[in-house]
Amino acid sequence: MPAGAAAAALLVAGTPARAAEPLPVFVRQWGAAGHAPGELWDPRGISVGPTGDVYVAGTGDDRVVVFDSTGVLRRQWGTTGSGPGEFHYPTDIEVDDAGNVFVVDADNTRIQKFAASGTFLLQWGTSGIEPGQFISPFAIGCGPDGSVYVSDTFNDCIQKFTSDGTFVRQWGASGNGPGEFMAALGIAVDRAGNVFVSDVNANCVQKFTPGGELLARWGGVGSAPGQFKTAFGIATDPWGNVFVVDHHNFRVQKFATDGTWLGMWGSFGLDAYHFASSHGMAGDSRGNL
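Residues numbered from 1 in each chain as written. Predicted model: local features only at pLDDT ≥ 70, side-chain atom pairs only at ≥ 80, totals over all residues. Heavy atoms only, no water.

Caption draft 1: Local environment of the sheet that holds strand 10 (residues 120-124). The strand order 7-8-9-10 describes an open sheet built from four strands, whose pairing is antiparallel. The open sheet terminates on both sides in strands that have one partner only, identified here as strand 7 (90-95) and strand 10. Averaged over all neighbouring strand pairs, the angle between strand axes comes to 20°, with direction disregarded. Here four bridges tie strand 9 (residues 110-114) to strand 10, and the two strands are oriented antiparallel to one another. In the strand pairing of strand 10, F114 is matched with F120. (Pairing = 2+ DSSP bridges. Helix = DSSP H or I, 4+ residues; strand = E, 2+ residues; numbered from the N terminus. Axes fitted to C-alpha atoms, helices over the stretch in contact; angles between N-to-C directions.)

See the structure below:
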């Protein structure tokens, strides 16, 4: 399937299904493959701002595209390059409670920060293995205190920063044990400040405190409930539930905050309740995904 062929944003409402409950209510989808305003090309990251606008990282065409919650185009910005406000393979996006927009500019090995309008504010990061440097950063999450967490995939660590890019700490090491990473990819922070990281190669989810202390770990390779084939994007809802994009099982799985499996939905396809190449996921304050 060519990049962007299944470009779409999907919205499902309410609290998704527990094991014995019906499917969540499908609300709408939007998008078309292309480079025109409002079209999407290999979109990866997604976030919902405090006003309900949906921000999408257009990975394949180096831009940010913003919609309202019904899919109407609000604005977009960015072009290919390495200057301020330009991108080279932006893989994820996160909007904090103040409306600041953070973009993982992966191939430029940096994080860029924007106002909600798209005005460039600042950037940080270079290529390397030292604190504050990255090798293939992929995902980003913001805590309720304004902290910014980045999954530095090929450095096998999570890095924590202040909102202005000041390095705070990092944790992790290469491996498949507790607190280690084989390829940390998705990252999400709940309202209590817990940090959830999905590992695409270890096919697991790990839960940490804001300081990097391991609290829980679950998953494994497979198609049974609670197992993954390429654990990708991850999101939380206001009640502390955790949702994981199970990429090659073409489904979304729901867990309690301690990893207890609660439900799942999805199969391969292009219409409601189906997925073809899902990557990112985000929730809003009302429990929509």
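Caption draft 2: Main features of the side chain of N203. With respect to the helices and strands, the residue N203 is situated in the loop between strand 16 (195-199) and strand 17 (204-208). When its relative accessible area of 7% is taken as the criterion, N203 is described as buried. Polar side-chain contacts of N203 include one of 2.6 Å to the backbone nitrogen of T230. Side-chain polar atoms of N203 contact the backbone nitrogen of A231, separated by 3.3 Å. Setting aside its immediate chain neighbours within four residues, N203 contacts G219, G220, V221, F228, K229, T230 and A231. (Buried < 20%, exposed > 50% of the residue type's maximum accessible area, 1.4 Å probe, protein only. Polar contact = N/O pair within 3.5 Å; in protein donor to acceptor, adjacent residues only side chain to side chain. Contact = heavy atoms within 4.5 Å.)

Caption draft 3: Fine view of the sheet that holds strand 6 (residues 73-77). One open sheet accounts for four strands, arranged 3-4-5-6; its pairing is antiparallel. Across the chains shown, the open sheet's two edge strands, defined by having one partner strand only, are strand 3 (43-48) and strand 6. Here the strands of the sheet are splayed against their neighbours by 20° on average, with no regard to which way each runs. Sheet analysis places strand 3 next to strand 4 (residues 54-58), joined by four bridges and oriented antiparallel. Residue pairing across strands places V48 opposite V54, the latter belonging to strand 4.

Caption draft 4: Representation of the environment of S47 in the model. If you trace the backbone, S47 turns up in strand 3. With relative accessibility at 3%, the residue S47 sits in the buried group. For the pair S47 and V101, spaced 54 residues apart in the sequence, the C-alpha separation amounts to 9.2 Å. Not counting chain neighbours up to four residues away, the residues in contact with S47 comprise D53, V54, Y55, I93, E94, V95 and A282. Reaching out from S47, the side chain makes a polar contact with the side chain of E94 at a distance of 3.4 Å.

Caption draft 5: Region of the structure containing the packing of aromatic side chains. Counted by the stated rule, this structure contains 16 aromatic pairs. With a centroid separation of 5.6 Å and 50° between ring planes, the pair formed by W171 and F208 is classed as tilted. Of the two residues, W171 sits in strand 14 (residues 167-171) while F208 sits in strand 17, which places them 37 residues apart along the sequence. Ring centres 5.5 Å apart and planes at 45° place the aromatic pair W218 and F255 in the tilted group. Separated by 37 residues along the polypeptide, W218 in strand 18 (residues 214-219) and F255 in strand 21 (residues 251-255) bring together distant segments of the chain. W218 sits in the buried class, given a relative accessible area of 9%. (Phe/Tyr/Trp six-rings, centres within 6.5 Å; stacked < 30°, edge-to-face > 60°.)

Caption draft 6: Fine view of the side chain of T236. Locating T236 in the fold gives a position in strand 19 (residues 231-236). Of the residues examined, T236 reaches a relative accessible area of 13% and is grouped as buried. Aside from chain neighbours lying at most four places away, what touches T236 is A188, V189, D190, F196, N241, V242 and G283.

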